[in-house]
Amino acid sequence: MTDAVRTDADGGVLTVTLDRPKANAIDVATSRALHEAFVRLRDDDSLRVAVVTGAGERFFSAGWDLKAGEEIDADHGRGGFAGLTEFFDLDKPVIAAVNGLALGGGFELALAADLVVAAEHAEFALTEVTLGMVADSGGVLRLPERLPRAVAAEMLLTGRRMTAAEAHRWGLVTSVVPASDLPAEATALAHRIRAGAPLAVAAVKEILRETAALDVESGYRLLRGGGLPNYRAMLASEDAREGPRAFAEKRPPQWTGR
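Residues numbered from 1 in each chain as written. Predicted model: local features only at pLDDT ≥ 70, side-chain atom pairs only at ≥ 80, totals over all residues. Heavy atoms only, no water.

Draft legend 1. Region of the structure containing the packing of aromatic side chains. Under the defined criterion, the tally for this structure stands at one aromatic pair. Taking 5.3 Å as the distance between ring centres and 50° as the angle between the ring planes, the aromatic pair formed by Phe107 and Phe124 counts as tilted. Taken together, the residues Phe107 in helix H2 (residues 105-112) and Phe124 in strand E8 (residues 123-125) connect sequence positions 17 residues apart. Take Phe107: its relative accessible area is 1%, and that puts it in the buried class. (Phe/Tyr/Trp six-rings, centres within 6.5 Å; stacked < 30°, edge-to-face > 60°. Helix = DSSP H or I, 4+ residues; strand = E, 2+ residues; numbered from the N terminus. Buried < 20%, exposed > 50% of the residue type's maximum accessible area, 1.4 Å probe, protein only.)

Laid out in structure tokens, this is it:
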């Protein structure tokens with residue numbers, strides 16, 4: 001880790017904080033440090049879910065650090081920009097706790113997360129066209145999947161800002177809370193995810209990822225065809241037997257991840 005990326009692990013939840021005053025902008029070194037944090041999430045069996053947020057209250061992240069002097073197509077490492085936007089095989093959930101402005105690549109980082117919670121004053125925008133660029137760190141690909149296409153196209157073509165309230169109405173964020181409540185809201189959501197069986201959570205992520213472009217019938221064929229290793233591992237797991245057993249015995253399940 002670097003001073004720009006802080007991590008804290010507690011109760012199976014890894015909190016990743018982007019801390020680069022004044023705007024939490026992201027350069028290549030920061031992208032790679034963020035990826036290290038998400039690799040830690042992937043590889044540490046004691047960690048089940050991550051929360052990524054920004055330091056301060058004004059910016060979640062202003063995106064690419066325009067003052068860093070780096071090329072527009074600079075190599076941000078294996079996870080892509082912000083360490084997560086191209087980390088496609090991460091099978092543990094990430095929650096973006098958006099504590100302020102999420103602009104450009106900052107919005108793309110939030111879009112790469114599985115769930116987004118936002119402070120009331122947060123705003124979202126893909127401003128790349130106003131700078132002669134395109135939101136190609138996932139924005140042009142993910143936003144039309146998360147919003148009606150016309151709304152996504154308007155944002156991409158104009159760079160306009162969307163408030164947290166509007167993002168919630170469209171289902172882009174799961175909850176909007178006062179800024180002072182955001183850390184607790186994100187942590188509570190993380191612990192609700194953590195309460196599930198780890199192999200089942202990984203299977204959900206895999207199924208969502210691999211069936212995103214399929215119709216329901218094709219999705220069923222993929223499920224039944226044995227091509228989803230996390231799903232197959234869940235079906236054969238001790239946890240899949242422990243859950244019903246614990247329910248019948250009226251006790252909390254004891255997950256082993258096996």
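Draft legend 2. Just the domain arrangement of the protein chain, in detail. Per the domain assignment, the segments of the protein chain are domain 1 (5-194) and domain 2 (196-249). Once you take the C-alpha centre of each, domain 1 and domain 2 turn out to be 27 Å apart. Taken together, the contacts link eleven residues of domain 1 with eight residues of domain 2. Of the roughly 690 Å² buried at the junction of domain 1 and domain 2 (both faces included), carbon and sulfur atoms supply 41%. (Domains from an automatic or database assignment. Contact = heavy atoms within 4.5 Å. Buried area = accessible area lost by both parts, 1.4 Å probe.)

Draft legend 3. Seen up close, a nonpolar patch on the surface. Among the surface-exposed residues, Val134, Val140 and Leu141 lie close enough to one another that they form a single nonpolar patch of about 270 Å² accessible area. Its location among the elements puts Leu141 in helix H3 (residues 139-146). A relative accessible area of 60% means that Leu141 is categorised as exposed. (Patch = residues over 30% accessible without salt bridge, like charges linked within 9 Å, V, L, I, M, F, W, Y side chains within 5 Å. Areas by Shrake-Rupley, 256 points an atom, 1.4 Å probe, with all protein chains shown as cover. Salt bridge = Lys/Arg side-chain N within 4 Å of Asp/Glu carboxyl O.)

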